[in-house]
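Take a look at the letters that make up each chain.
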Amino acid sequence: MNLSVDLAGVTLKNPVMTASGTFGSGQEYSEFVDLSCLGAVVTKGVANVPWPGNPVPRIAETYGGMINAIGLQNPGIDVFVKRDIPFLRQYDTRIIVNVCGKTTEDYVEVVERLADEPVDMLEINISCPNVKEGGIAFGQDTKAAEAITRAVKEKAAQPVIMKLSPNVTDIGEMAKAVEAGGADVISLINTITGMKIDIHKRTFAVANKTGGLSGPAVKPAAVRMVYQAAQAVKVPVIGMGGILCAEDALEFILAGASAVAVGTANFHNPYATSEVVDGIRAYMERYGIEDIRELIGAVR
Ligand SMILES: Cc1cc2nc3c(=O)[nH]c(=O)nc-3n(C[C@H](O)[C@H](O)[C@H](O)COP(=O)(O)O)c2cc1C
């Protein structure tokens with residue numbers, strides 16, 4: 001039985017990866033999950049310099065999910081390269097580094113720093129709803145999205161995944177724009193902008209007022225957008241948004257995702273990623289499917 005998939009020439013032993021920002025670089029989760037059983041570990045977003053993130057409170061629970069406004073807190077590329085890459089290199093999994101920035105130059109600086117590092121792919125976050133400049137400013141305009149993709153691709157030594165925002169009118173147009181800019185792979189969805197009010201304190205539940213909604217509540221919207229993006233472009237698509245179990249992951253794969261990422265689920269079930277791998281294998285056995293690639297985009 002074959003579970004391996006190909007993303008722009010990079011072979012993943014199975015299609016299951018972690019969603020950026022929900023798994024650190026795997027240090028804490030490695031106590032629960034053998035990282036070598038995952039197709040890839042996608043790191044928390046890293047910028048050219050350390051970012052402090054947003055004021056607290058930064059997370060709130062919602063029905064079937066959560067709102068977060070972390071604001072891409074990260075230690076910066078220097079610490080990341082020394083601390084996180086050597087850790088991940090101990091495991092037999094692909095390393096995908098998620099990159100954030102406020103300006104095109106910020107993104108390009110990180111991408112250039114990673115050129116000589118042993119990482120397999122770069123995921124460019126142009127879709128974070130929780131930072132004022134950069135991030136989503138690039139992800140809600142087709143021209144800006146195409147331009148940042150082109151700028152990153154010019155300097156990138158590794159294949160580039162562009163991570164799209166669901167907070168747009170036409171996801172197919174955004175997918176086409178980054179493909180035109182040279183994206184090797186597209187990933188989606190990032191979080192959906194949301195708000196929660198604390199009625200007892202009569203204030204916003206997160207200090208940033210708005211935050212990104214994630215978890216099972218967003219899954220039907222995510223499956224729809226992954227389907228539309230996969231229909232719009234030729235490059236492979238990585239699907240995510242509310243995956244808790246293998247059945248959820250299989251919906252994304254059947255809708256056109258070549259790989260899937262597990263995010264918010266990790267917070268209440270640290271075994272979620274490896275359970276999704278096992279569940280996909282069990283599904284394939286049950287239905288006599290020899291190769292996972294038979295399932296990718298099988299529902300049209
Ligand atoms: C606490 C938290 C932090 C996140 N940090 C990042 C990040 O640094 N970079 C990024 O591209 N996406 C980030 N995301 C978005 C997730 O990677 C994912 O796209 C989204 O949460 C949808 O998947 P899920 O419903 O399985 O969590 C974050 C999500 C959460 C909940």
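All of the points below concern the structure found in this document.

### Quick look at the overall build of the chain
Right, on to step 1. If you tally the helices and strands in the chain, you get nine helices and 16 strands.
Right, on to step 2. Taken over C-alpha atoms, the radius of gyration comes to 18 Å for the chain, in line with the 19 Å a tight globule of 300 residues would show.
Right, on to step 3. If one aligns the C-alpha atoms of the chain with their principal axes, the spans along those axes are about 55 × 45 × 40 Å.
Right, on to step 4. Scored against the burial criterion, the 300 residues of the chain give a buried share of 57%.
Right, on to step 5. Mean positive and mean negative side-chain charge positions of the chain (27 and 34 charges, respectively) differ by 5 Å.

### Structural notes on the packing of helix H7 (residues 246-255) against helix H9 (residues 272-286)
Right, on to step 1. For the pair H7 and H9, the least separation of the axes is 8 Å and the interaxial angle reads 70 degrees. Of the possible angle classes, the one that applies to H7 and H9 is roughly perpendicular. H9 is crossed by H7, and the crossing has right-handed handedness. Seen from H7, the contacting residues are Ala-246, Ala-249, Leu-250, Ile-253 and Leu-254; seen from H9, they are Val-276, Gly-279, Ile-280 and Tyr-283.
Right, on to step 2. In terms of residue class, the contact of H7 with H9 is built from eight nonpolar, one polar and no charged.

### Points about the sheet that holds strand S11 (residues 192-195)
Right, on to step 1. The four strands lie next to each other as S5-S6-S14-S11, forming an open sheet whose pairing is antiparallel. Each edge of the open sheet carries a strand with a single partner, namely strand S5 (59-62) and S11. Neighbouring strand axes in the sheet, compared pairwise and without regard to direction, differ in orientation by 40 degrees on average.
Right, on to step 2. Bridge count between S11 and strand S14 (residues 210-214): four bridges; the pairing is antiparallel. Note on S14: the bridge partner recorded for Gly-194 is Gly-211.

### Points about the pattern of salt bridges
Right, on to step 1. Within the structure shown, the criterion is met by twelve salt bridges.
Right, on to step 2. The closest approach of N and O atoms between Asp-248 and Lys-219, which form a salt bridge, is 2.8 Å. Of this pair, Asp-248 sits in helix H7 while Lys-219 is found in helix H6 (residues 219-232), placing the two residues 29 residues apart along the sequence.
Right, on to step 3. What makes Lys-219 buried here is its relative accessible area of 12%.
Right, on to step 4. Note that Asp-278 and Arg-281 form a salt bridge whose closest N and O atoms lie 3.6 Å from each other. Placement of the pair is Asp-278 and Arg-281 together in helix H9, with a separation of three residues, close to one helical turn.
Right, on to step 5. Counted as one network, the salt bridges with shared partners bring together Lys-219, Asp-248 and Glu-251.

### Things to note about the site of the ligand
Right, on to step 1. Lining the immediate environment of the ligand, one finds 22 residues, of which Ser-20, Lys-163, Gly-215, Gly-242 and Thr-264 sit closest.
Right, on to step 2. The side chain of Lys-163 places a nitrogen or oxygen atom 2.8 Å from an oxygen atom of the ligand.
Right, on to step 3. Contact distances for the ligand include 2.8 Å between an oxygen atom and a backbone N or O atom of Gly-215.
Right, on to step 4. In isolation the ligand has 610 Å² of accessible area, and contact with the protein removes 97% of it.
Right, on to step 5. For the shell around the ligand, the per-class residue count stands at five nonpolar, 15 polar and two charged.

### With respect to unusual backbone geometry
Right, on to step 1. Each neighbour pair has its own omega, and for Val-56 with Pro-57 the value is -5 degrees, a cis peptide bond.
Right, on to step 2. Along the chain, the position of Pro-57 falls in the loop between strand S4 (40-42) and S5.
Right, on to step 3. Between Leu-188 and the following residue, Ile-189, the backbone shows a cis peptide bond with an omega angle of 10 degrees.
Right, on to step 4. Along the chain, the position of Ile-189 falls in the loop between strand S10 (185-188) and S11.
Right, on to step 5. The residue Arg-202 is not glycine, and still its phi comes out positive at about 50 degrees.
Right, on to step 6. Among the structural elements, Arg-202 can be located in the loop between strand S12 (197-198) and strand S13 (203-204).

### Side note on the layout of surface pockets
Right, on to step 1. Taken as a whole, the largest pocket encloses approximately 910 Å³ of empty space.
Right, on to step 2. Around the largest pocket, the lining comprises 47 residues; the ones closest to its centre are Ser-20, Gly-21, Thr-22, Lys-44 and Phe-267.
Right, on to step 3. Put simply, the parts of the chain that give the lining of the largest pocket at least two residues each are strand S6 (65-68), helix H1 (77-89), S14 and helix H8 (265-268).
Right, on to step 4. Taken together, the residues that form the lining of the largest pocket break down as 20 nonpolar, 22 polar and five charged.

Rules used in this analysis
- Residues numbered from 1 in each chain as written.
- Predicted model: local features only at pLDDT ≥ 70, side-chain atom pairs only at ≥ 80, totals over all residues.
- Heavy atoms only, no water.
- Helix = DSSP H or I, 4+ residues; strand = E, 2+ residues; numbered from the N terminus.
- Rg over C-alpha atoms; globule rule 2.2 N^0.38 Å.
- Buried < 20%, exposed > 50% of the residue type's maximum accessible area, 1.4 Å probe, protein only.
- Lys, Arg positive; Asp, Glu negative; His and termini not counted.
- Charge placed at Lys NZ, Arg CZ, Asp CG, Glu CD.
- Axes fitted to C-alpha atoms, helices over the stretch in contact; angles between N-to-C directions.
- Parallel < 35°, antiparallel > 145°, perpendicular 65-115°, else oblique.
- Left-handed = near helix turned anticlockwise from the far one by under 90°.
- Contact = heavy atoms within 4.5 Å.
- Nonpolar A, V, L, I, M, F, W, Y, C, P; charged D, E, K, R; others polar.
- Pairing = 2+ DSSP bridges.
- Salt bridge = Lys/Arg side-chain N within 4 Å of Asp/Glu carboxyl O.
- Near = heavy atom within 4 Å.
- Polar contact = N/O pair within 3.5 Å; in protein donor to acceptor, adjacent residues only side chain to side chain.
- Areas by Shrake-Rupley, 256 points an atom, 1.4 Å probe, with all protein chains shown as cover.
- 1 Å grid on protein atoms, 1.4 Å probe; cavity = no way out; pocket = protein on both sides within 12 Å on 5 of 7 lines; lining within 4 Å.
- Points joined across faces, edges and corners; volume = space filled by probe spheres on them.

What is shown is where atoms sit, not what they do.
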